Structure formats: structure tokens, C-alpha cells
Amino acid sequence: MPKPIREGNGPRHVAIIMDGNGRWAQRRGRPRLFGHHAGAKRVREIVEACPDLGVRYVTIFAFSTENWRRTQSEVAGLMSLFRVRLDKKLVSLMDELELMTSGCTGVNLTIAINYGGRDEVARATRRLAQDVAAGKLDPDAVNEETLPKYLDTCVLPDPDLVIRTSGEARISNFLLWQSAYAEYEFIDTLWPDFCAEEFGRLVTAYGNRERRYGGVKA
Ligand code: FPP
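Quick notes on the rules
- Residues numbered from 1 in each chain as written.
- Predicted model: local features only at pLDDT ≥ 70, side-chain atom pairs only at ≥ 80, totals over all residues.
- Heavy atoms only, no water.
- Near = heavy atom within 4 Å.
- Polar contact = N/O pair within 3.5 Å; in protein donor to acceptor, adjacent residues only side chain to side chain.
- Helix = DSSP H or I, 4+ residues; strand = E, 2+ residues; numbered from the N terminus.
- Nonpolar A, V, L, I, M, F, W, Y, C, P; charged D, E, K, R; others polar.
- Axes fitted to C-alpha atoms, helices over the stretch in contact; angles between N-to-C directions.
- Parallel < 35°, antiparallel > 145°, perpendicular 65-115°, else oblique.
- Left-handed = near helix turned anticlockwise from the far one by under 90°.
- Contact = heavy atoms within 4.5 Å.

Caption draft 1: The site of the ligand, seen in detail. Around the ligand there are 17 residues in total, and Asn-67, Arg-70, Arg-164, Arg-170 and Ser-172 lie nearest to it. Arg-70 is positioned such that a nitrogen or oxygen atom in its side chain is 3.1 Å from an oxygen atom of the ligand. The separation between an oxygen atom of the ligand and a polar side-chain atom of Arg-164 is 3.0 Å. Among the secondary structure elements, those contributing two or more residues to the shell around the ligand are α2 (32-53), β2 (57-64) and α3 (72-81). Of the residues forming the shell around the ligand, the biggest block, four residues, is contributed by α2. Here the residues of the shell around the ligand are counted per class, giving eight nonpolar, six polar and three charged.

Caption draft 2: Molecular detail of the packing of α2 against α3. Between α2 and α3, the least distance of the axes is 10 Å, while the angle of their chain directions is 25°. Judged by the inter-axis angle, α2 sits roughly parallel to α3. Remark: the crossing between α2 and α3 carries right-handed chirality. Here α2 contributes Arg-32, Leu-33, His-36, His-37 and Ala-40 to the contact with α3, which in turn contributes Glu-74, Gly-77, Leu-78 and Leu-81. Here the contact of α2 with α3 is composed, by residue class, of four nonpolar, three polar and two charged.

See the structure below:
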């Protein structure tokens, strides 16, 4: 497995748009859900590769606010794959999972389910406006450090690297605010074929990039 070029030079937070499960299955003449099952196995492999690569945070896009438009059978299959339903059981299951893993220190895994970046920014803005209306927040003090405190990701650092598999070069409403200065990798590999070796190569390539944040090279 390739390592980042210089120690500490790799991405701390990698966000991944797992795309291509359906096409992977269709190419094999199988139903889309077959591809989702194959894709789920890759999640474990990629997360387990993180500690050696120096990646401390991984956020995966598992289901968007727009994915409800897919067929009822695909949505139902995905939900059972997540072993949850988006109801009270989901919340208690997630709470349980968070509690079970609260002592873990290796990798912080965030699974974005029923997530949409615009929806998140709208909800954050609503809460911010409520605080202004309640006199808890001075509108003149609102700056670009204020809104992130209201985002779902308030406890996470911004992603350094965003990977999308399957050849599409778009971000499909994923972490819109947070990825303003992220590096992007759009790769042709379909998600079920994305392996730890390829992930390692992308992490290594990140270490060779120069991030300027609008400034000039030092
Ligand atoms: C965005 O593309 C991609 C996502 C929201 C990820 C969706 C992934 C799954 C449903 C599979 C879940 C993964 C596993 C491993 C079970 P899009 O197709 O929603 O948006 P687009 O139409 O803009 O391409």
C-alpha cells in the first residue's frame, strides 16, 4: 500500500461519493441491489485502510435527499442494507452505534444518509435565524465562521480530499459549504471495484498537490 509522500502531508479528512454500484451490477446482468451489496463490502476495506494512510476522518455519501426518487424496490433494498429505517428505530440504532464506538480512536467515520448539502445549509440558516430572533446572536457578528457551527458537520474538520467514483464529474449536492477548498478526484472506477490500493494512490497523489487557498506559493 503506498504511503503519503511526507509524514503528515496526506489528507486528514476524505469524503467519498460512492457512485457506480448500479452500473457495476447491470454490466453483469444483475439487479442494482446486487451492486449495492458489493459496494457495501468496499466500505469496510476503505475505512480499514485509513489508519495506515494517516486519514483520520472519512465521510461517505450513502443516500441523498434526492435518492428517494429511485424505484421503491431500490430504496427499500438500500434501507435494509443500512439495516435501518428512517424513523425512530434509525435514530436509536445510530445512537447505539455511536455509543458502542465512542471509545474508538482510529478513524472517525461519518455516513451521510438522507443528506443534501442545500438542505443542510437551509436548515443551518433557519437555526441561525432563530438564534438571531431570540436575541442569542448579533446579526452584525455573523461571519463565515458562524454558519459552520450550525451545520451537521460542526464537529468535523472540512474535507481535504473529495473522491467520486464512476466517471461522473459532479458533486451532486454533497458537502457544498465544507468542500469549498477541497481537492477533487473524479475517477472512472465503479465503486464496487474501488480497492484499498487505488485509494492509497489517491491519498498519495494528494500529498503532492499544492493547496494555496487563494494565496500564492510560499
Ligand atoms: C450521488 O449521485 C451519489 C450518492 C448520493 C451516493 C449514492 C450511493 C448509493 C445509493 C449507494 C450506497 C452505497 C452503498 C455502499 C450501499 P446521485 O446518483 O445521487 O446523483 P446524480 O444524479 O447527480 O448523479
